[in-house]
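Working through the structure, step by step
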Amino acid sequence: MTDKRINLEVNGEALEASPGQMLIEVTDKANIYIPRFCYHDKLSIAANCRMCLVEVEGANKPVPACATPVAPDMKVHTRSPYAIAAQKATMEFLLINHPLDCPICDQGGECELQDLAMGYGRDVSRFSEGKRSVKDENLGPLVSTDMTRCIHCTRCVRFGEEIAGIQELGTMGRGEHMRISTYVAKTVDHELSGNIIDLCPVGALNNKPYRFAARAWEMEQRESIAPHDCVGSNIYAHVLRGVVKRVVPRPNEAVNETWLSDRDRFSYEGIYSEDRLKVPMVKENGVWQERSWEDALEHVALKLRQSGSDIGALVSPSSTCEEAWIINRLFEHAGSADLDSRLRRTDFHDQNNDPVYPSLGIPIAELEQQQGVLLVGSDLRREAPILAHRLRKAALKGCSVGVLNAVDHPYLFTVADTHIVEPDEWCATLAGLVVAAGGELPPALASMSNVSSSGSVDYLKHAPSLILLGQMAQRHPAFGTLRYLAAVLAQLTGATLGYVTDGANTAGVSLAGVLPHRSAGGKPRPEVGHNVLSMRPKTLLLVNVESVTDLSDQIDRNAIRQAAETVVAFTPYAPDTLLDDADVLLPIGTWAETSGTFVNVAGLWQSFTGVSNPVGAARPAWKVLRVLANLLKVPDSDYESSAAVLAEMRGHCESALMNNMPEFVAPESSLAERSTEISELEVSLYQGDNIVRRATALQKTQQASHERPAALVSSSTVEALNGG
Amino acid sequence: MATEHPMLSEHVRAEIDRWVAKFPPGKQRSAVISALHAVQHDNRGYLTEELMQAVAEYLDMPVIQVYEVAAFYSMFEAKPVGRCSISVCTNIACMLRGSDEILQHIENRLGIKEGESTADGKFYLRREEECLAACNNAPMLMINHKYHENLTTQKVDELLDAAATEDSK
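On a predicted model such as this, the values are computed, not experimentally measured, just so you know. (Residues numbered from 1 in each chain as written. Chains lettered and ligands numbered in written order. Predicted model: local features only at pLDDT ≥ 70, side-chain atom pairs only at ≥ 80, totals over all residues. Heavy atoms only, no water.)

With that out of the way, let us pick up the interface of chain A and chain B. Between chain A and chain B, the residue contacts involve 14 residues of the former and 11 residues of the latter. Between chain A and chain B, roughly 1,000 Å² of surface is buried when both sides are summed, and carbon and sulfur atoms account for 57% of that area. Where chain A packs against chain B, one counts 0 salt bridges. Scanning the region where chain A abuts chain B turns up 5 residue pairs in polar contact (both at pLDDT 80 or more). (Contact = heavy atoms within 4.5 Å. Buried area = accessible area lost by both parts, 1.4 Å probe. Salt bridge = Lys/Arg side-chain N within 4 Å of Asp/Glu carboxyl O. Polar contact = N/O pair within 3.5 Å; in protein donor to acceptor, adjacent residues only side chain to side chain.)

This brings us to the state of the cysteines. Residues and elements named next belong to chain A. Per the counting criterion, the structure on display carries 0 disulfides over all chains. Counting only cysteine sulfurs, Cys49 is the nearest neighbor of Cys38, a cysteine outside any disulfide, at a range of 3.8 Å. Of all cysteine sulfurs in the structure, the one in Cys200 sits closest to Cys153, which takes part in no disulfide; the separation is 6.2 Å. For Cys153, a relative accessible area of 8% corresponds to the buried category. (Disulfide = S-S within 2.5 Å. Buried < 20%, exposed > 50% of the residue type's maximum accessible area, 1.4 Å probe, protein only.)

Next up on the list: the environment of A:Leu551. Secondary-structure assignment places A:Leu551 in the loop between strand 22 (539-543) and helix 16 (557-563). Sequence spacing of A:Leu551 and A:Leu314 is 237 residues, and the spatial spacing of their C-alpha atoms is 9.3 Å. (Helix = DSSP H or I, 4+ residues; strand = E, 2+ residues; numbered from the N terminus.)

Here we come to the domain arrangement of chain B. In terms of domain boundaries, chain B breaks down into domain 1 (10-72) and domain 2 (84-168). Placing a centre on the C-alpha atoms of domain 1 of chain B and another on those of domain 2 of chain B gives a separation of 28 Å. (Domains from an automatic or database assignment.)

Using the criterion set out here, one finds 5 aromatic pairs over all chains in the structure. Pairing A:Tyr183 with B:Tyr67 gives two aromatic rings, centres 4.3 Å apart and planes at 25°, and the pair type is stacked. On the criterion of chain membership, the pair formed by A:Tyr183 in the loop between strand 8 (179-181) and helix 5 (195-199) and B:Tyr67 in helix 4 (residues 63-72) is interchain, its members lying in two chains. An angle of 40° between the planes, with centres 5.9 Å apart, marks the rings of A:Tyr411 and A:Phe413 as tilted. A relative accessible area of 8% means that A:Tyr411 is categorised as buried. The residue whose ring lies beneath A:Arg174 is B:Phe72, and the NZ or CZ to ring-centre distance is 5.4 Å. The side chain of A:Arg694 reaches across the aromatic face of A:Tyr573, ending 3.8 Å from its centre. (Phe/Tyr/Trp six-rings, centres within 6.5 Å; stacked < 30°, edge-to-face > 60°. Lys NZ or Arg CZ within 6 Å of the ring centre and 35° of its normal.)

To continue, consider helix 3 (residues 112-120) of chain A. Residues and elements named next belong to chain A. All of the buried residues along helix 3 are Leu113, Leu116 and Tyr120. Considered in projection along helix 3, the buried side chains sweep an arc of 70° and stay on one side of the axis. Where helix 3 is buried, its residues touch helix 2 (81-96). (Arc of directions from axis to C-beta.)

Turning next to the environment of A:Tyr411. Residues and elements named next belong to chain A. With respect to the helices and strands, Tyr411 occurs in the loop between strand 18 (400-405) and strand 19 (417-420). Considered as a pair, Tyr411 and Arg381 are 30 residues apart in the sequence and their alpha carbons are 7.5 Å apart. In contact with Tyr411, not counting residues within four places along its chain, are Leu375, Ser378, Arg381, Arg392, Val403 and Asn405.

Right, dumping it as structure tokens:
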């Protein structure tokens, strides 16, 4: 195809464009501002607000810049009296029915309509008739509505149809009676639904939990990284007097584009949960006592010293690199390798096949370019909504997507190859695909029953293609076999093998060496320690782990609890479960209160600083761990900043490459030792970590109500109930 | 696309299929207006959420888009109304030829106001019908989407009597 360039002139400035480009794209790129409401570069063109009218020489009327393709030698004026008159006239019409209730509107101060009314509005209205009013919709707990303010740009409607994939909002009626509505009373349930708040150029759709909480101009905007999935979406926290009032996306085309999942947007409410732990506490003779930080840390250091190398740690995969690094150093100093961050995994027999750090295998943006993708045990919309959005984009462009799962989840695009079988059949199904692709099964798997070679994975042979092991696959009791088969299939078809990992920083904590078999940078440990299932240490550290809900069902918590003389929990919260199970509670800051670094699923290192004031006496976990390291005389542990910790860690990770295909060792047995149920593998959208579980608005959503446990009961209560 | 649907009668499906066949393959949702007409007629004058859902399923399109179409066009009724729909044009040409009197007469005779249905469910008087392009024979009205022109109060009475008889059959 020849790339013919078109020359045109805007406001006397010579510009170049490609055929088919709309005028507004060209002027935006050249930093020539044209006012607009309905145009959005991620959405289709509607041309219904008419705010972007400009003058084109030779045209007999003003034309909308968003819907006018460039033409050779076009002469455009965006600021001529003719253009401005058209823009002002549009603004006058838009304001006819707008309530002008800016003083009580949350959008006030950051409102596109307000801003443009400053530039193009009249100071006195000529409209003396009655304004219309529109009944509000109840769109659920996340998005508030004031539909009288709506100017019918239809961005929210197009977002539903084009980006989310479920059209939940539509335009009802016509003319003066037109309104945006769900028609039947219905909440908006998509996991990216909060983005319509950002898209709405007026105050019609707003942030419900944030309603009347602050004014835009009072808050400070601070950069951070979202902590709830492996994408590491870039965010801004909006902070008022040290308190996070809301979270909005920070555009980054390589990561989250301009979108943000509801989980990342609304989780901040969890920071201010009522069960925040405000001071260090130590249990003495069964009674909790408040302690100073010095006393509590001395106490923990004493216990650790007394336990020698008989210590263990369960570390959340959403811990920062800095926290993970100091934990690794503490354990190496103590001579223990009983530390693990793979809290929901249950099959470790092939852990030497683990990559140095599990990753997508490709940059996130390249997900869109895939020609074929096979999802093995992944509920992608819950695991990583942003990745699901990228995959949907690929599928709409023609990528063939195959699915191996136990439940036929709605993916919101056409799935080309569906294998819905019980989890116990996953290995056999995948083996069938290997055989269908012309591969041979290793001896240990040859005897597997139910292998059907009738499937076809030819779509994976069109490069680039990807086989993704989801979180459900990684929790599967035969994960090793699944992974081996997926790797063989990847080799046969030329596909890349990738993972969708748990938590925000599985890659980072793996690189930091919070694993029983690997130290920093993936270096094998001389002596392999106990994993999350087998460790029974004398002193156990829980880092951002609430013992009941963050661990796999397969972990024998009672055995761990009975073996441990001391359980030290580094936690922002003090739920009943920890009050029962732990002996020491150390209040650490959430992501908002600490600096740190997450390595996302594409191997991108993203550092962030604390954005809000700590709650109570909570301290950043890396600082708490550093003091502990100092007390235990870990050499060279006088880090002055989190950046110093990170620099030391990165020094050990320079040779760590994104490579999910080490020399695979074939499994020695064919099947899992135990059967599994889908309920054991399922991924939750709003139960995944301690902060999300406490985000009140998210917990009121339809999706949360499906997955919330009926009751959280601590192990001692269960024992009491059982008469034990 | 579905070929059967519990909510849609056989002759409604046949009518929808006839319209679907007029559009290129994969563009079956273009038949939504005709489908809504058929369904509304079959349901004696109005649509329900269930029926719109059925049309959406039958044409394999998001139900919200069916709602949009039904809400946009004034010939679709989305809440229960009388079986016989009367639309009196009151735009300028008809107004100059006495449409206000015609409307008043109908309201008095049926004992309802614009936008209301009679208690027996026979008649529905639509609100403020816009110009129906029959100005040359004003005043005019529509009964069940059929034009009647050059109206007098006497002619209106005859029309209403005939419609009532038709309805009782």
